[in-house]
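Spelled out from the first residue to the last, the chains are:
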Amino acid sequence: MTHMALTTPTLHTDRLRLRPFEDADAKELYALQSNADVLRYWDSPPWTEPARAERFIAACRQMAEERTGARLAVDRDGVFLGWCSLTQWNPEFRSASLGYCYNAAAWGHGYATEAARALLGWAYETLDLNRVQAEADTRNAASGRVLEKLGFVREGTLREDCIVNGDVSDSWVYGLLRREWDPRPEAR
């Protein structure tokens, strides 16, 4: 069996473009991931060194080469909004994890839902997935709403699963099964 990289797709929605990260994204990526307000519900502290952005972009490429997932930059009319990813792809279990992070200016416009719907559609078609999992800090109601709009079911709570800078938090676990997936935007 030949080892092939998982091609990171470029996807288009009505308003957004999801595409592989480029080296030129490093500055905006660092601005996003170093913002303490944006990352207040994140599972790791904000970045403090710009070199982290280059390592993150390199890790995106490595993920594709190792066939473990796809992390896509999301932009609207060329303006970087954030990113959306499917990671931990397991071909035997036919499962993966959904993640995303957007800058504050992008919040409240439905971009996270729109981008995730496009990525999930690609993944269910291309990777033959049966289950996608996502986790959200229990204080992050907006992220919970995004997942529920996409059809995810809240399955349980991971108690005190994250400790960031001494702050202990719980996470909700969500799952979306292939048989529950409906790609239509008006589905929910």
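On a predicted model such as this, the values are computed, not experimentally measured, just so you know. (Residues numbered from 1 in each chain as written. Predicted model: local features only at pLDDT ≥ 70, side-chain atom pairs only at ≥ 80, totals over all residues. Heavy atoms only, no water.)

Draft legend 1. Region of the structure containing the side chain of Ser-169. Mapped onto the fold, Ser-169 is located in strand E8 (residues 167-177). The exposure class of Ser-169 is buried, given its relative accessible area of 9%. Among the polar contacts made by the side chain of Ser-169, one reaches the side chain of Asp-137 at a distance of 3.4 Å. In contact with Ser-169, not counting residues within four places along its chain, are Asp-137, Arg-139, Glu-160, Asp-161 and Cys-162. (Helix = DSSP H or I, 4+ residues; strand = E, 2+ residues; numbered from the N terminus. Buried < 20%, exposed > 50% of the residue type's maximum accessible area, 1.4 Å probe, protein only. Polar contact = N/O pair within 3.5 Å; in protein donor to acceptor, adjacent residues only side chain to side chain. Contact = heavy atoms within 4.5 Å.)

Draft legend 2. Inspection of helix H3 (residues 111-126) at higher detail. Over its 16 residues, H3 runs 22 Å from end to end, which matches the ideal 22 Å to within 8%, given 1.5 Å per residue. In terms of burial, H3 is largely enclosed, as 14 of its 16 residues are buried. Just downstream of H3, Asp-128 is the residue with a positive phi angle, here 55 degrees. (Expected span 1.5 Å × (residues − 1).)

Draft legend 3. Spotlight on the packing of aromatic side chains. Enumeration according to the criterion identifies 7 aromatic pairs in this entry. Note on Trp-172 and Tyr-174: the rings are 6.5 Å apart at their centroids and 90 degrees apart in plane angle, and the pair reads as edge-to-face. Grouping residues by exposure puts Trp-172 and Tyr-174 together as buried. We note Arg-71 situated over the ring of Trp-83; from NZ or CZ to the ring centre the distance is 5.2 Å. One cation-aromatic arrangement involves Arg-154 over Trp-172; the distance from NZ or CZ to the ring centre is 4.0 Å. (Phe/Tyr/Trp six-rings, centres within 6.5 Å; stacked < 30°, edge-to-face > 60°. Lys NZ or Arg CZ within 6 Å of the ring centre and 35° of its normal.)

Draft legend 4. Structural view of the sheet that holds strand E7 (residues 153-164). The strand order E1-E2-E3-E4-E5-E6-E8-E7 describes an open sheet built from 8 strands, whose pairing is mixed. The strands lining the two open edges of the sheet, one partner per strand, are strand E1 (11-12) and E7. With 7 bridges joining them, strand E6 (residues 131-137) and E8 adopt antiparallel strand pairing. Bridge pairing links Ala-136 to Trp-172 in E8. The sheet contacts of helix H2 (residues 51-65) involve strand E3 (70-76) and strand E4 (79-90), and relative to E3 the element is tilted by about 125 degrees. Sitting on the sheet, H3 is in contact with E1, strand E2 (17-20), E3, E4, strand E5 (95-102), E6 and E8, with an inclination near 35 degrees to E4. (Pairing = 2+ DSSP bridges. Axes fitted to C-alpha atoms, helices over the stretch in contact; angles between N-to-C directions.)

Draft legend 5. Highlighting H2. Helix length check: H2, at 15 residues, gives a terminal C-alpha distance of 21 Å against a target of 21 Å (1.5 Å per residue), a fit within 8%. Within the sequence span of H2, burial applies to Ala-53, Phe-56, Ile-57, Cys-60, Met-63 and Ala-64. Summarising the axial view, the buried residues of H2 lie within an arc of 115 degrees, below the 170-degree limit, and thus occupy one face. One or two residues past the end of H2 sits Arg-67, with phi positive at roughly 60 degrees. (Arc of directions from axis to C-beta.)

Draft legend 6. Looking closely at the environment of Ala-136. Relative to the elements of secondary structure, Ala-136 occurs in strand E6. Separated by 14 residues in sequence, Ala-136 and Leu-150 place their C-alpha atoms 14 Å apart. Excluding its chain neighbours within four sequence positions, the residues that come into contact with Ala-136 are Ser-143, Leu-147, Asp-170, Ser-171, Trp-172 and Tyr-174.

Draft legend 7. Representation of the pairing of E4. Burial runs high along E4: 9 of the 12 residues are buried. Linking E3 to E4, which pair antiparallel, is a turn of 2 residues; within it Asp-77 sits at a positive phi near 50 degrees. In this structure, E4 lies alongside E5, joined through 7 bridges in antiparallel fashion. Within the sheet, the bridge partner assigned to Trp-83 lies in E5 and is Cys-101. Between the end of E4 and the start of E5, which pair antiparallel, lie 4 residues, with Arg-94 showing a positive phi angle near 55 degrees.

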